[in-house]
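Inside the fold
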Amino acid sequence: KIDYKITQSSVQKVVKRVAKEVDDPCVEPHVSKFDTSKSKNSQRYTYKEGTEGTVIDQDELISNIMEGFNNGETELFLTATGIVDKPKLKMADVKKATKLIGKFSTYTTNTYNANLNMAQALKAINGTILEPGDTLSFNECTGDSNQTSNGYYPAGVISNGKMTTGVGGGICQTATTLYNAIIRAELDVTQRFNHSMIVSYVSPSDDAAIAGTYKDLKFKNNLSSPIYIEGYCSGGIITFTIYGEETRPANREISFRSETLSETNPDTQFKYDASQPL
């Protein structure tokens with residue numbers, strides 16, 4: 001006889017994995033194409049209506065599994081109930097995301113591989129639509145930037161206040177550019193880390209560091225309508241533009257100031273090198 005215990009958290013994990021494989025979720029109404037022509041006053045938007053989908057009733061399935069095993073069953077054959085998954089947004093809400101509410105650019109003087117990494121990260125985030133109340137994670141969008149299998153290359157990275165080489169080097173400039181567009185749109189930044197040394201492409205305290213799974217950039221759409229994120233690189237200039245419903249006063253101005261709180265003079269260190277004369 002094997003003693004076992006079924007916990008709700010373990011059942012939830014299994015059900016979520018099943019749902020990921022079989023669900024056909026709804027598609028929210030969205031901007032299917034966004035094109036800004038060379039003329040500053042000409043912007044074109046193409047919208048696509050949302051569609052309903054079908055997903056399993058996870059709560060019911062979890063309840064049936066828990067009930068079966070708690071009644072002493074060792075083997076269960078269950079049929080999941082399908083329910084209609086309807087879009088939460090309306091097209092009228094999506095069409096509000098057409099006003100420029102935040103924009104920022106940085107210039108890259110980085111290496112070839114670092115530029116490839118930045119382009120990969122830009123591609124992953126460009127075109128993202130964030131619904132009201134939703135949170136975007138930079139790392140979730142770009143995937144593990146430490147893996148070459150995800151399209152990232154070795155390049156310069158900052159580690160413990162020193163320059164070294166690591167896979168994914170350069171994407172911090174993409175994250176920094178996005179971060180500065182976010183704060184100009186006055187969205188809610190929920191996670192952001194600085195580098196361990198000053199970076200050249202923004203003022204001190206304006207940077208956003210990305211490292212593995214422990215340093216991420218996250219922000220929440222705290223508006224009542226969706227936002228649309230456009231990211232691109234042209235002529236060595238990385239730009240993120242955030243479009244949404246502009247509810248702020250027309251005369252509102254936003255400025256940022258970096259303050260140096262303290263300075264530490266570097267210590268002079270002498271290292272003996274046997275190959276050099278004394």
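All values reported here derive from a predicted model rather than from experimental measurement.

**Here's the deal with helix H4 (residues 112-125)**
Between its terminal C-alpha atoms H4 stretches 20 Å, which fits the 20 Å expected from 14 residues at 1.5 Å a residue. Of all the positions in H4, only Ala-114, Asn-117, Met-118, Ala-121, Leu-122 and Ile-125 are classed as buried. Down the axis of H4, the sector holding all buried residues measures 140°, keeping them to one side. Turned more than 90 degrees off the buried face of H4, the exposed positions are Tyr-112 and Lys-123. Buried residues in H4 make contact with helix H5 (138-142), strand E8 (154-159), helix H6 (171-184), strand E12 (227-234) and strand E13 (237-244). Just past H4, the residue Gly-127 takes up positive phi, approximately 90°.

**Remarks on the environment of Thr-74**
For Thr-74, the position within the fold is in the loop between helix H2 (58-70) and strand E4 (82-85). A C-alpha to C-alpha distance of 38 Å links Thr-74 and Val-27, two positions 47 residues apart in sequence.

**A look at the sheet that holds strand E11 (residues 218-220)**
Reading across from one edge, E7-E11-E10 is the order of the three strands in this open sheet, with antiparallel pairing throughout. Every interior strand has two partners, whereas the edge strands, strand E7 (135-137) and strand E10 (188-191), have only one. Ignoring strand direction, the axes of neighbouring strands in this sheet form an average angle of 25°. Pairing analysis gives three bridges linking E10 to E11, with the strands arranged antiparallel. Note on E11: the bridge partner recorded for Val-189 is Phe-219.

**Details of a nonpolar patch on the surface**
On the surface, a cluster of nonpolar side chains totalling about 220 Å² of accessible area is made up of Val-14, Val-18 and Val-22. Looking at the secondary structure, you find Val-14 in helix H1 (residues 8-22).

**Brief notes about the sheet that holds strand E5 (residues 99-107)**
Strand order in the open sheet made by the four strands is E5-E13-E12-E6, with antiparallel pairing throughout. Looking at strand neighbours, the two that pair on one side only are E5 and strand E6 (129-130), the edges of this open sheet. Examined bridge by bridge, E6 and E12 share two bridges and lie antiparallel to one another. Opposite Leu-130, over in E12, you have Ile-227 as the bridge partner. Across the sheet, H4 lies against E12 and E13, angled at about 10° from E13, the strand it touches most.

**A short note on the packing of H4 against H6**
At a minimum axis distance of 7 Å, the contact between H4 and H6 shows a crossing angle of 40°. Regarding the angle of H4 to H6, the classification is oblique. Side by side, H4 and H6 meet where Asn-117, Met-118, Ala-121, Leu-122 and Ile-125 of the first sit next to Ile-171, Gln-173, Thr-174 and Leu-178 of the second.

**Quick notes on the side chain of Thr-174**
Residue placement: Thr-174 occurs in helix H6. With sequence-adjacent residues up to four places away left out, Thr-174 is seen in contact with Met-118, Ala-121, Leu-122, Phe-138 and Phe-240.

**Details of the pairing of E12**
Both E12 and E13 contribute to a ladder of seven bridges, which runs antiparallel. The residue of E13 that forms the bridge with Gly-231 is Phe-240. What sits between E12 and E13 in their antiparallel hairpin is a turn of two residues, with Gly-235 showing a positive phi close to 60°.

**Structural notes on the side chain of Ser-137**
Here Ser-137 lies in strand E7. Residue classification places Ser-137 among the buried residues on the basis of a relative accessible area of 6%. For Ser-137, the side chain forms a polar contact with the main-chain nitrogen of Glu-140, separated by 3.2 Å. There is a polar contact of 2.6 Å between the side chain of Ser-137 and the side chain of Asp-216. Beyond its immediate sequence surroundings of up to four residues, Ser-137 is in contact with Asp-216, Leu-217 and Lys-218.

The rules behind these values
Residues numbered from 1 in each chain as written. Predicted model: local features only at pLDDT ≥ 70, side-chain atom pairs only at ≥ 80, totals over all residues. Heavy atoms only, no water. Helix = DSSP H or I, 4+ residues; strand = E, 2+ residues; numbered from the N terminus. Expected span 1.5 Å × (residues − 1). Buried < 20%, exposed > 50% of the residue type's maximum accessible area, 1.4 Å probe, protein only. Arc of directions from axis to C-beta. Contact = heavy atoms within 4.5 Å. Pairing = 2+ DSSP bridges. Axes fitted to C-alpha atoms, helices over the stretch in contact; angles between N-to-C directions. Patch = residues over 30% accessible without salt bridge, like charges linked within 9 Å, V, L, I, M, F, W, Y side chains within 5 Å. Areas by Shrake-Rupley, 256 points an atom, 1.4 Å probe, with all protein chains shown as cover. Salt bridge = Lys/Arg side-chain N within 4 Å of Asp/Glu carboxyl O. Parallel < 35°, antiparallel > 145°, perpendicular 65-115°, else oblique. Polar contact = N/O pair within 3.5 Å; in protein donor to acceptor, adjacent residues only side chain to side chain.

Just distances and angles here, no functional claims.
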